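An overview of the molecular structure
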Amino acid sequence: MWPNNRLIKLFGIELPIIQAPMAGAALSDMVVAVSEAGGLGSLACALLSVENARKELEIIRQKTSRPINANFFCHQLPREDHAREINWRQRLDAYYIELAAEINTSIPNSARASFDEKMCDLLTEFHLEVVSFHFGLPDKSLLHRIRRIGAKILSSATSVSEARWLEDQGCDAIIAQGFEAGGHRGMFLTEDISTQIGTMALVPQIVDAVKVPVIAAGGIADARGILAAFALGAAAVQIGTAYLHCPEAQISPIHRQALKDTKDNETAITNVFTGRPARAIVNRFVREVGPMSDTAPKFPHAAAAVAPLRAKSEIAGSADFTPLWSGQSARLGRELPAADLTKQLAAEALKNLALLQAKE
């Protein structure tokens, strides 16, 4: 049926569709829906404490026995740069005054945590089938523990060199993340976003460079994108923004409305929300402070000073300071339950594939 079934066999799933692990948006309801539909649901753990991640995994295990993926950030915390954090706060002072937001003298911490021993203990407890990472890979000792429970290991690559590095470290499959993707860039061997390439160019080059299966990600939101990914040599697709339109997505009403209203050319890669390049719908904050700011502290520290502005703005019904994460294909989204979307995407892709084969 599918031109390439390597990922289906590797993960023990029915459909070569992976729901992208979108931090803050993809929790147990979405994971269960996608996995029960035959795809691979992904629990985004980057913003979860160990206790909250355990609660989500308990819910998932109660509702499905099918394979799931748990995703983690594995960034290295930057050196303390108090002067830069003060400059960043001063850059935002006018917004604090405008919104009457509380200005603290101390710089609060970001909730974005890197994968550690405690999270690894949790994975061991639940014997997950798939574990994926963003921003490279964690320490080798942690990877060894994950392999011991039999989990397949994935990570994102934004270049051929990153893909080869991940394969050398023992990844079972590689997510080829193109420039079009929403959210944070998975890049870890470079910080230069000016040279990042799109999905159409990236996927076949990574396919040619590595032996493990490749998952296409970035700008894929319908059957046409799925077919294109397989034509480029991918064994599966990872879809994010399309799932943000689903009722299971844990996003605010203003984010949901922005996804409906945005145009094809209204997203940008920006570092003003977290300190690391990520694609979002352009709003006032991105326009006035970014898209890329040299003042913003390194990831994840930029986020803390923005949080009070976001809270005040959202209370007033404004998305001016909200990170409206989105890829370039938001206009292709459909408001369907996650299970229905997964099944429809697969059915439409197979139908189009059959039509193409019939013409040959």
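Up top you'll find the structure we're talking about.
A short tour of the structure in this document, coming up. Fair warning: this is a prediction, and the values are worked out from it, not measured in the lab.

**Topic: the pairing of strand β5 (residues 152-157)**
Counted residue by residue, β5 has five buried out of six residues, so it is predominantly covered. As defined by bridge partners, strand β4 (residues 130-134) adjoins β5 across four bridges and the pair is classed as parallel. Its bridge partner lying in β5, Val131 is registered against Ile153. The handedness of the β4 to β5 crossover, carried by helix α6 (residues 140-148), is right-handed. Pairing of β5 with strand β6 (residues 173-177) involves four bridges; the strand directions are parallel.

**Brief notes about the sheet that holds strand β2 (residues 41-44)**
One open sheet holds the eight strands; their spatial order is β1-β9-β8-β6-β5-β4-β3-β2, and the pairing between them is parallel. Strand pairing shows two members of the sheet lacking a second neighbour, β1 (17-19) and β2, which therefore form its edges. Taken pair by pair, the neighbouring strands of this sheet meet at an average axis angle of 25 degrees, ignoring direction. Lying over the sheet, helix α3 (residues 50-63) contacts β2 and β3 (68-73), oriented at roughly 160 degrees with respect to β2.

**Notes on the nonpolar core**
If you look at the biggest cluster of nonpolar residues, it comprises 87 residues, and the most contacted ones within it are Phe133, Ile226 and Tyr243. When residues in this core are grouped by element, the largest group, seven residues, is from helix α14 (residues 338-359). Ignoring sequence-local partners within four residues, the contact set of Phe133 consists of Asn71, Phe72, Cys74, Phe115, Pro138, Leu143, Ile146, Ile153, Leu154, Ser155 and Ser156. Listed in part, the 20 residues of the second largest apolar core include Tyr96, Ala101, Val306 and Trp325.

**Some details on the sheet that holds strand β7 (residues 183-184)**
A sheet is described by the order of its strands in space; here three strands give the open sequence β7-β11-β10, paired in antiparallel fashion. Looking at strand neighbours, the two that pair on one side only are β7 and β10 (267-270), the edges of this open sheet.

**What to know about the pairing of strand β8 (residues 214-217)**
Side chains of β8 alternate between two faces, with Val214 and Ala216 and Ile215 and Ala217 buried alike. Pairing of β6 with β8 involves four bridges; the strand directions are parallel. Paired with Ile174 across the bridge in β8 is Val214. With three bridges joining them, β8 and strand β9 (residues 236-239) adopt parallel strand pairing. Paired with Ile215 across the strands is Ala236, a residue of β9. At this point the chain moves from β8, through helix α9 (residues 223-231), to the parallel β9, and the crossover so formed is right-handed.

Scoring rules and cut-offs
Residues numbered from 1 in each chain as written. Predicted model: local features only at pLDDT ≥ 70, side-chain atom pairs only at ≥ 80, totals over all residues. Heavy atoms only, no water. Buried < 20%, exposed > 50% of the residue type's maximum accessible area, 1.4 Å probe, protein only. Helix = DSSP H or I, 4+ residues; strand = E, 2+ residues; numbered from the N terminus. Pairing = 2+ DSSP bridges. Right-handed = clockwise from strand over helix to strand, strands pointing away. Axes fitted to C-alpha atoms, helices over the stretch in contact; angles between N-to-C directions. Contact = heavy atoms within 4.5 Å. Core = buried A, V, L, I, M, F, W, Y, C linked by side-chain atoms within 4.5 Å.

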